[in-house]
Amino acid sequence: MPELPEVETVKKFLEKIFVGKKIFDIKLKNNKLRYQIPSKINKYFTNSIITKISRRGKYLIILSSNKKIILIHLGMTGFFRKKKKVDIRKHDHLIFFLEKDVVIYNDIRKFGFIKIY
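Within any chain, residue numbers begin from 1 and follow the written order of that chain's sequence. Totals for whole chains, interfaces and linings use every residue, but because this is a predicted model, local features are given only for residues with pLDDT of at least 70 and side-chain atom pairs only at 80 or more, for both listing and counting. Processing note: side-chain calculations cover all non-hydrogen atoms of the structure and skip hydrogens and water entirely.

Draft legend 1. The arrangement of unusual backbone geometry in detail. The phi angle at Lys-67 is positive, at roughly 70 degrees, despite the residue not being glycine. Secondary structure elements are taken from DSSP: a helix is a run of H or I of four residues or more, a strand is a run of E of two residues or more, and numbering for both begins at the N terminus. Within the secondary structure, Lys-67 sits in the loop between β3 (59–64) and β4 (69–73). Three exposure classes are used, based on accessible area relative to the maximum for each residue type with a 1.4 Å probe and protein chains only: buried under 20%, partly exposed in between, and exposed over 50%. According to the relative accessible area criterion, Lys-67 is exposed, its value standing at 72%.

In structure tokens, the structure reads:
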């Protein structure tokens with residue numbers, strides 16, 4: 001399981017990519033994590049702007065302009081990667097399409113989770 005400094009590093013990484021950017025699309029490749037990723041995530045966050053990313057313990061909190069929140073726990077092996085175009089790998093679960101970048105959540109052991117509030 002990632003320790004707090006690692007989660008803080010992921011938060012800073014995501015802040016540089018997400019904050020102030022518009023989400024154009026979200027593709028759900030595999031919703032089978034510890035808890036099923038809500039299929040409505042695309043509906044709730046498409047065309048919204050990410051306003052802030054914070055951390056509470058080992059949870060990442062992504063706030064959007066439409067007052068919805070994404071809560072993320074990385075589990076043991078969850079991580080994000082940034083690409084210029086889609087590069088699908090075996091354990092990819094969620095793909096965020098931003099203005100210039102693609103951000104992909106990958107979790108091999110499936111202990112992480114993503115929830116919407």
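Draft legend 2. Inspection of the sheet that holds strand β6 (residues 92–97) at higher detail. The strand order across the open sheet formed by four strands is β1-β6-β7-β5, and the pairing between neighbours is antiparallel. Each of the sheet's edge strands pairs with one partner strand only, and the pair in question is β1 (25–28) and β5 (79–83). With strand direction ignored, the average angle separating the axes of adjacent strands in the sheet is 20 degrees. At least two bridges found by DSSP between two strands is the condition for calling them paired. Two elements, β5 and strand β7 (residues 102–106), share five bridges in a ladder whose sense is antiparallel. Opposite Lys-83, over in β7, you have Val-102 as the bridge partner. Contacting β5, β6 and β7, helix α1 (residues 4–18) runs over the sheet at an angle of about 30 degrees to β5. Simply put, an axis is a line fit to the C-alpha atoms, just over the touching stretch for a helix, and the angle between two N-to-C directions goes from 0 to 180 degrees. Any two residues having at least one pair of non-hydrogen atoms within 4.5 Å are treated as being in contact.

This is a description of form; function is not addressed.
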